[in-house]
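Reading the structure
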Amino acid sequence: MKRKLYPSPLSRTAATLLCLFAILLAGCQEDTRASKLDSKRASEMADSRLKQAQGDLLATLGQSQPDDQETPQPPGADIPKTLVWNPPLTREDGSALTPGQIAGYRIYYRLKHQESFSVIPLNDGSKTRYTLSEMQPGAYEFSITTIDVDGLESRRSDPVEVNLI
């Protein structure tokens, strides 16, 4: 007479756990494979989403997206960094300062590890930008002052940190 073997509740539990473990393991492996996009593809996806968002914003504003006819900058192309500022409209005492009263600006700068500042004088009150292309690479701190036609200099602006690479 053949004897039927019935699995014990303990062996059924072990088999169930083993199956669950196999399912979980397979799911983890699938998730791991899915999350391994190469960086180029991830970058392309991010650019595509950004372009779509820009297009949606322009459409909301009733504008069209600019033509892609322009020659795109190659990745890593050197784009010169430029300091840009707005001319002050008032003096420190609150009185009006018109553009004709501004004789120029002084740009104070230093490498962040240095104590003293160097100065770049700008003797044109209408100039409100300065390209940093001639500066050596490094981590800089910049602040600016305004010089009026009487030679009075304002306090320095809040510093701006710029990393030139």
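One can find the structure itself at the top, above this paragraph.
Nothing here was measured: the structure is a model prediction, and the numbers come from that model.

**A look at the sheet that holds strand S6 (residues 160–164)**
- Read across the sheet, four strands follow the order S3-S2-S5-S6 without closing on themselves; strand pairing throughout is antiparallel. Of all strands in the sheet, those with a lone pairing partner are strand S3 (118–122) and S6, marking the two edges. If you compare each strand with its neighbour and ignore which way they point, the axes differ by 30 degrees on average.
- In this structure, strand S2 (residues 102–111) lies alongside S3, joined through five bridges in antiparallel fashion. Residue Tyr108 lies in a different strand from S3, and its bridge partner there is Val119.

**Things to note about the environment of Thr131**
- Following the sequence through the fold, Thr131 ends up in strand S4 (residues 129–131).
- Owing to a relative accessible area of 37%, Thr131 belongs among the partly exposed residues under this scheme.
- In sequence terms Thr131 and Lys81 are 50 residues apart; their C-alpha atoms lie 6.0 Å from each other.

**Some details on the packing of aromatic side chains**
- If you walk through the whole model with that rule in mind, you get four aromatic pairs.
- Measuring from ring centre to ring centre gives 6.3 Å for Tyr109 and Tyr140, while their planes differ by 50 degrees; the resulting arrangement is tilted. Of this pair, Tyr109 sits in strand S2 while Tyr140 is found in strand S5 (residues 138–148), placing the two residues 31 residues apart along the sequence.
- Among the aromatic residues, ring-to-ring pairing joins Tyr109, Tyr140 and Phe142 into one connected group.
- Note that Arg156 overlies the ring of Tyr108, its terminal NZ or CZ placed 3.9 Å from the centroid.
- A cation over a ring is seen here: Arg156 above Phe117, with NZ or CZ 4.6 Å from the ring centre.

Reading guide: rules and limits
- Residue indices begin from 1 for each chain and proceed along its sequence in written order.
- Owing to the predicted nature of the model, reporting of local features is limited to residues with pLDDT of at least 70; listing and counting of side-chain atom pairs is limited to 80 or more, with chain, interface and lining totals taken over all residues.
- Water and hydrogen atoms were dropped before computing side-chain values, which therefore reflect all heavy atoms in the structure.
- A strand pair is defined by DSSP finding two or more bridges across the two strands.
- Helix and strand assignments come from DSSP, with helices taken as H or I runs of at least 4 residues and strands as E runs of at least 2, each series counted from the N terminus.
- Only the stretch in contact is used when fitting a helix axis, every axis being a line fitted to C-alpha atoms; angles between N-to-C directions are given from 0 to 180 degrees.
- Throughout, exposure labels follow a simple rule: accessible area from a 1.4 Å probe, protein chains only, divided by the maximum for the residue type, with under 20% read as buried, over 50% as exposed, and the rest as partly exposed.
- Planes of paired rings set the category: under 30 degrees apart is stacked, over 60 is edge-to-face and the rest tilted, where pairs are Phe, Tyr or Trp rings (Trp by its six-membered ring) whose centres lie within 6.5 Å.
- Geometrically, a lysine NZ or arginine CZ counts as sitting over a ring once it is within 6 Å of the ring centre and also within 35 degrees of the ring normal.

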